[in-house]
Amino acid sequence: MNLSKIFAPTSLLVTGGAGFIGSNFVRSFIESHPDVRVTVLDALTYAGNLENLANLESRFSFVKADICDAEAVRKALADHAVDAVVHFAAESHVDRSILGPMIFTQTNVLGTHVMLEESRRHGVARFVHVSTDEVYGSLGPEGAFTEQSPIDPTSPYAASKAASDLVVQAYAKTFGFPAIITRCSNNYGPWQFPEKLIPLMLINAMNDKALPVYGDGMNVRDWIHTRDHSAAVLAVLSRGMPGEVYNVGSSNEWPNIEIVKLILRTLGKPESLITYVKDRPAHDRRYAIDSSKIERELGWKAMIPFDEGIAETIAWYRANERWWQRVMSGEYLEYYERQYGKR
Ligand code: NAD
Ligand code: TYD
């Protein structure tokens, strides 16, 4: 590794830092970089929860703003003398993108464009755009996505992420803007909003409620612990090549039904809770990621074995019922007022 090529930020802006992956990233970044200034910019949508960053409040600045609001983004970059951006903020749930697609184009495409343009004008030295393997569409039974796989999104969510990736690449090519893209597979871990497969199934099982499995349950996802994803984003921020794309995964493919059965076994609940429901429209059959580029070029590798990571995640949801009860009732939205309302 050539140490002269390592980029060391002095003031980092994290968009979407109150969401699932963003908050896990902020937590580990603050622990490993106590001298770097950190600013979280988040609109606190239904998915953004400052309780995810509880006990760290003194370690970062918080800006409540929409990434589509150019003036607010400009002010945040200037006020905090930002020299690097990690961009997580997005609408992130496929099912919501089927129910209401327009906000996905608004936030993920327009919002990302605003982030790029304001960061370029401000002179940001690194911009990591956190994207997804879903931009590649669906795989058959063999093979894995590489960075050369065609962009072929299926859902409005994936299409909006793909469109944002193209704008990022255009900025890198046209303006020499130092942006880098990561495309990661499905994340699991603590603080995930209970609308995604693993927390939804966990909470339903704990409450003896039906577990709604889409279609035949044989769609395959490649699961990675969010801390491994955070480490990959950090590797890309500090050692990635501007203009490049890095796939991130942990070669851990599971049919959905097997994940659901694993959760039931761990909780000691009966398989009779499984309920097959109507399939998701245009449901991608299989995702699998080839991470050899980031492993070879940046020395990153997923470290958390799935059996350990999933056991820890299940234990976390069992121990943190108050967190998910507040998320599900909407009570967590009051936290912002209590914590920041009078500041
Ligand atoms: P999330 O839905 O948990 O969090 C999204 C965050 O963005 C929330 O804090 C929300 O308040 C914020 N946000 C939404 N719209 C905003 C706006 N207009 N302005 C400012 N903030 C806004 O999402 P996540 O699962 O943590 O995903 C984070 C990023 O990682 C996304 O870009 C997603 O596409 C990508 N990604 C997710 C996964 C996954 O498995 N969850 C996998 C690969 C990539
Ligand atoms: P999800 O967590 O929404 O992630 P993504 O669609 O981005 O991969 O879903 C993961 C898989 O689980 C996907 O194949 C859809 C399936 N699924 C269900 O079968 N039932 C559910 O209630 C949910 C939310 C997902």
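Residues numbered from 1 in each chain as written. Chains lettered and ligands numbered in written order. Predicted model: local features only at pLDDT ≥ 70, side-chain atom pairs only at ≥ 80, totals over all residues. Heavy atoms only, no water.

Teacher, can you tell me more about the environment of Asp-66 here?
When you line up the elements, Asp-66 lands in the loop between strand E3 (61-64) and helix H2 (70-79). A residue is classified by how much of its surface remains accessible, and Asp-66, at 37% relative accessible area, is partly exposed. Each C-alpha atom of the pair Asp-66 and Thr-45 lies 9.3 Å from the other, and the pair is 21 residues apart in sequence. Ignoring anything within four residues of it in the chain, the contact list for Asp-66 reads Ala-43 and Val-73. Side-chain polar atoms of Asp-66 contact the backbone nitrogen of Cys-68, separated by 2.8 Å. (Helix = DSSP H or I, 4+ residues; strand = E, 2+ residues; numbered from the N terminus. Buried < 20%, exposed > 50% of the residue type's maximum accessible area, 1.4 Å probe, protein only. Contact = heavy atoms within 4.5 Å. Polar contact = N/O pair within 3.5 Å; in protein donor to acceptor, adjacent residues only side chain to side chain.)

What's the story with the sheet that holds strand E5 (residues 126-132) in this structure? I'm lost.
In sheet architecture, strand pairing relies on hydrogen bonds along the backbone and comes in two forms, parallel and antiparallel. With respect to topology, seven strands assemble into an open sheet ordered E3-E2-E1-E4-E5-E6-E11, the strand pairing being parallel. Looking at strand neighbours, the two that pair on one side only are E3 and strand E11 (245-248), the edges of this open sheet. Taking each pair of neighbouring strands and ignoring which way they run, the sheet shows an average axis angle of 20°. Across six bridges, the pairing between E5 and strand E6 (residues 179-184) is parallel. Of the residues in E6, the one forming a bridge with Val-130 is Thr-182. In the packing of helix H5 (residues 156-175) onto the sheet, the strands contacted are E5, E6 and E11, and the crossing angle to E5 comes to about 155°. (Pairing = 2+ DSSP bridges. Axes fitted to C-alpha atoms, helices over the stretch in contact; angles between N-to-C directions.)

Would you take a moment to explain the site of ligand 1 for this structure?
Taken together, 29 residues sit near ligand 1, with Ile-21, Asp-42, Ser-92, Tyr-157 and Lys-161 positioned nearest. Between ligand 1 and Ile-67 there is a distance of 2.9 Å, counted from a nitrogen atom to a backbone nitrogen or oxygen. With respect to ligand 1, the backbone of Phe-88 contributes an N or O atom lying 2.9 Å from an oxygen atom. Summarising the interface, the protein chains cover 96% of the accessible area of ligand 1, which totals 830 Å² for the free molecule. Within the residue set of the shell around ligand 1, elements represented by two or more residues are helix H1 (20-32), E5 and H5. (Near = heavy atom within 4 Å. Areas by Shrake-Rupley, 256 points an atom, 1.4 Å probe, with all protein chains shown as cover.)

Would you mind going over the site of ligand 2 with me for this structure?
Contacts to ligand 2 come from 19 residues, most closely from Glu-134, Pro-212, Arg-221, Arg-280 and His-283. Contact distances for ligand 2 include 2.8 Å between a nitrogen atom and a backbone N or O atom of Pro-212. Between an oxygen atom of ligand 2 and a main-chain N or O atom of Tyr-214, the distance comes to 2.9 Å. Of all the secondary-structure elements, those providing two or more residues to the shell around ligand 2 are helix H3 (94-99), helix H6 (197-206) and strand E8 (211-214).

Sorry, what's going on with the nonpolar core here?
Generally speaking, nonpolar side chains in soluble globular proteins are found buried as a group. Grouped together as the largest cluster of nonpolar side chains are 36 residues, with contacts concentrated most on Leu-12, Phe-25, Phe-60, Val-86, Leu-237 and Ile-294. The leading source of residues in this core is helix H7 (residues 226-239), at five residues. If sequence neighbours within four positions are ignored, Val-86 has contacts with Leu-12, Leu-13, Val-14, Thr-15, Phe-25, Val-128, Val-130, Val-233 and Leu-237. Counting residues in each nonpolar core, the second largest holds 31 residues, with Phe-193, Ile-274, Phe-306 and Trp-316 among its members. (Core = buried A, V, L, I, M, F, W, Y, C linked by side-chain atoms within 4.5 Å.)

Even after reading the chapter, I still don't get the pattern of salt bridges, so can you show me in this structure?
Oppositely charged side chains may form a pair once their charged atoms are brought near each other. Evaluation of the coordinates by the stated rule reveals 16 salt bridges. Note that Glu-51 is salt-bridged to Arg-326, the shortest N-O span being 2.6 Å. Placement of the pair is Glu-51 in the loop between strand E2 (37-42) and E3 and Arg-326 in helix H11 (residues 321-329), with a sequence separation of 275 residues. What makes Arg-326 buried here is its relative accessible area of 7%. Residue Lys-301 is joined to Glu-295 by a salt bridge in which the shortest nitrogen-to-oxygen separation is 3.9 Å. (Salt bridge = Lys/Arg side-chain N within 4 Å of Asp/Glu carboxyl O.)

Sorry, what's going on with the packing of H2 against helix H4 (residues 102-122) here?
Packed helices, taken two at a time, are described by their axes: the angle between them and the distance between them. As a packed pair, H2 and H4 sit with axes 10 Å apart at the nearest point and diverge in direction by 40°. The orientation of H2 with respect to H4, classified from their angle, is oblique. The handedness of the crossing between H2 and H4 comes out as right-handed. Note on element contacts: H4 touches H2 through Val-114, Met-115, Glu-118, Ser-119 and His-122, opposite Ala-70, Val-73, Arg-74, Leu-77 and Ala-78. (Parallel < 35°, antiparallel > 145°, perpendicular 65-115°, else oblique. Left-handed = near helix turned anticlockwise from the far one by under 90°.)

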